[in-house]
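Observations on chain architecture
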Amino acid sequence: MLSGLVSTFLAAQDWRETTKELIYTPRYFGPNAFPLPELHSGGVPDRREVEIRGESHRYTGDMTKDLYARLFIPIVRGRAGIEVCGVVVEDYKMTRETADERHAYATESPITCYGDLIVNTYFQLLRNERWCDIMLDINLKTASGGRLCDARYTDAAAYGFNLTFDRNLYRNAARTFALRVQGKGGFYCWMTNDMVHRQNDAVFYAAGVSAAYRRAALSVDCSGFSGYENNGDRPAVLRAKFNFEYRRNILSLRFRHGMKDFLYDTYSVAYIRCF
């Protein structure tokens, strides 16, 4: 019994020492540690939405699956809204080489791994069909995620501010088809374990196009951010999303290709219920 207690104590000391070597950037953490904001249209939705999404993140050194949940509630119809989201449960398996590169303690979790709680607030600044729609979103990531020792979640807060610009390129007279262009830019900041640079600041950017025909919608965008330390803090992704809505029920299919400091390709299927 004594030897077991000693082994447990030494193991705890071992992973605590390991966390000191972690590099708090997207390149050296799991796929959900630094979530990139979505590129929405420039208008705040006026419906409540509940989403459940299954995701598969694929990288040669890390295979991750997770269940993601999201709740959106309008505060002022068409003017402001709040969104609460995050990974409910995550399952992963890294190679020993990837774990060593990230200074992770274990290659898979011996206990349930859960993600950070994220709160996004949206404000409609301008709605003009002739010119463009402009929306402000304020993002806060809490330090609630698990398995810091395995470089899955940072156990540190992050926040950001972004402006989204959205404009019609074409809309037919019957309003059954629309082609729109979107752009987004802002600021993203997260806390680190570096005693000299306690936080990393980054510029966020995104640009994309979307097309909607009756109950179907397709969007493509390129998004990312660029941190000032250049130590794996400059991820970029190419994203594609297809939605089909029927009687306030939405089936959503997504693909995300990682570039630069984001190493994963992600496939996901989601069900969204609107109220």
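Preceding block: the structure.
To keep things clear, this report deals only with the structure shown in the data block. (Residues numbered from 1 in each chain as written. Predicted model: local features only at pLDDT ≥ 70, side-chain atom pairs only at ≥ 80, totals over all residues. Heavy atoms only, no water.)

Glancing now at the overall build of the protein chain. Broken down by element type, the protein chain carries two helices and 12 strands. When the helices and strands of the protein chain are placed in sequence order, the string is α-β-β-β-α-β-β-β-β-β-β-β-β-β. For a compact globule of 275 residues, the expected C-alpha radius of gyration is about 19 Å, and the protein chain comes in at 20 Å, within 12% of that figure. Every one of the 275 residues in the protein chain was classed for burial, and the buried ones make up 45%. Long-range pairs, those at least 24 residues apart, make up 58% of the contacts in the protein chain between residues at least 6 apart in sequence. Summing over all exposed atoms, the protein chain offers an accessible surface of approximately 14,100 Å²; the carbon and sulfur share of this is 62%. One finds the centroid of the 36 positive side-chain charges in the protein chain at a distance of 10 Å from the centroid of its 32 negative side-chain charges. (Helix = DSSP H or I, 4+ residues; strand = E, 2+ residues; numbered from the N terminus. Rg over C-alpha atoms; globule rule 2.2 N^0.38 Å. Buried < 20%, exposed > 50% of the residue type's maximum accessible area, 1.4 Å probe, protein only. Contact = heavy atoms within 4.5 Å. Areas by Shrake-Rupley, 256 points an atom, 1.4 Å probe, with all protein chains shown as cover. Lys, Arg positive; Asp, Glu negative; His and termini not counted. Charge placed at Lys NZ, Arg CZ, Asp CG, Glu CD.)

What follows concerns the pattern of salt bridges. Scanning the model with the defined rule gives 24 salt bridges in all. For Asp46, the salt bridge identified is with Arg77, shortest N-O distance 3.8 Å. In this pair, Asp46 sits in the loop between helix H1 (2-19) and strand E1 (49-59) while Arg77 sits in the loop between strand E2 (62-76) and strand E3 (80-94), placing the two residues 31 residues apart along the sequence. Its relative accessible area of 65% is what places Arg77 among the exposed residues. Each of Glu38, Glu49, Glu51, Arg53, Glu55, Arg70, Glu83 and Arg254 takes part in a single network of salt bridges with overlapping partners. (Salt bridge = Lys/Arg side-chain N within 4 Å of Asp/Glu carboxyl O.)

Here the focus is the side chain of Arg256. If you trace the backbone, Arg256 turns up in strand E11 (residues 249-260). With near-sequence residues (within four places) excluded, Arg256 lies in contact with Pro31, His57, Val237, Leu238, Arg239, Phe262, Tyr264, Asp265 and Thr266.

A few words on unusual backbone geometry. Even without a glycine there, the phi angle at Asp155 is positive, about 55°. Residue position: Asp155 is located in the loop between strand E5 (133-141) and strand E6 (158-171). With a relative accessible area of 43%, Asp155 lands in the partly exposed category. Unlike most non-glycine residues, Arg247 shows phi in positive territory, near 50°. The residue Arg247 is located in the loop between strand E10 (235-246) and E11 in this model. Since its relative accessible area comes to 64%, Arg247 is described here as exposed.

In this structure the tally under the stated criterion is zero disulfides. The cysteine Cys113 is free of any disulfide, with Cys149 supplying the nearest cysteine sulfur at 9.1 Å. Classification of Cys113 as buried rests on a relative accessible area of 1%. Counting only cysteine sulfurs, Cys85 is the nearest neighbor of Cys274, a cysteine outside any disulfide, at a range of 16 Å. Overall, the relative accessible area of 0% leaves Cys274 in the buried class. (Disulfide = S-S within 2.5 Å.)

This brings us to the sheet that holds strand E7 (residues 177-191). Taken together, the 12 strands give a closed barrel; going around it, the order is E1-E2-E3-E4-E5-E6-E7-E8-E9-E10-E11-E12, and neighbouring strands pair in antiparallel fashion. Within the sheet, the average angular offset between the axes of one strand and its neighbour, ignoring direction, is 20°. Taken together, the nine bridges between E11 and strand E12 (residues 265-274) define a ladder with antiparallel strand orientation. Each residue of the ladder has a partner; that of Leu251, found in E12, is Tyr271. (Pairing = 2+ DSSP bridges. Axes fitted to C-alpha atoms, helices over the stretch in contact; angles between N-to-C directions.)

Mapped onto the secondary structure, Cys85 falls in strand E3. Assessed through its relative accessible area of 6%, Cys85 is described here as buried. For the pair formed by Cys85 and Asp116, sequence separation is 31 residues and the distance between their alpha carbons is 8.5 Å. Those residues within four positions of Cys85 in sequence are excluded, and the remaining contacts are Tyr68, Ala69, Arg70, Asp116, Leu117, Ile118 and Asn120.

With that out of the way, let us pick up the packing of aromatic side chains. Under the criterion given, the structure shown has 13 aromatic pairs. Measuring from ring centre to ring centre gives 6.0 Å for Phe29 and Phe34, while their planes differ by 85°; the resulting arrangement is edge-to-face. Under the relative-accessibility criterion, Phe29 is labelled buried at 0%. Arranged with centres 5.7 Å apart and planes meeting at 55°, the rings of Phe262 and Tyr264 form a pair that is tilted. Note on Tyr264: relative accessible area 1%, which makes it buried. One aromatic cluster in this structure is built from Tyr24, Phe29, Phe34, Tyr188, Trp190 and Phe225. In this structure, Arg53 packs its charged tip against the face of Tyr68, placed 4.2 Å from the ring centre. If you follow Arg273 out to its NZ or CZ, it ends over the ring of Phe275, 5.4 Å from the centre. (Phe/Tyr/Trp six-rings, centres within 6.5 Å; stacked < 30°, edge-to-face > 60°. Lys NZ or Arg CZ within 6 Å of the ring centre and 35° of its normal.)

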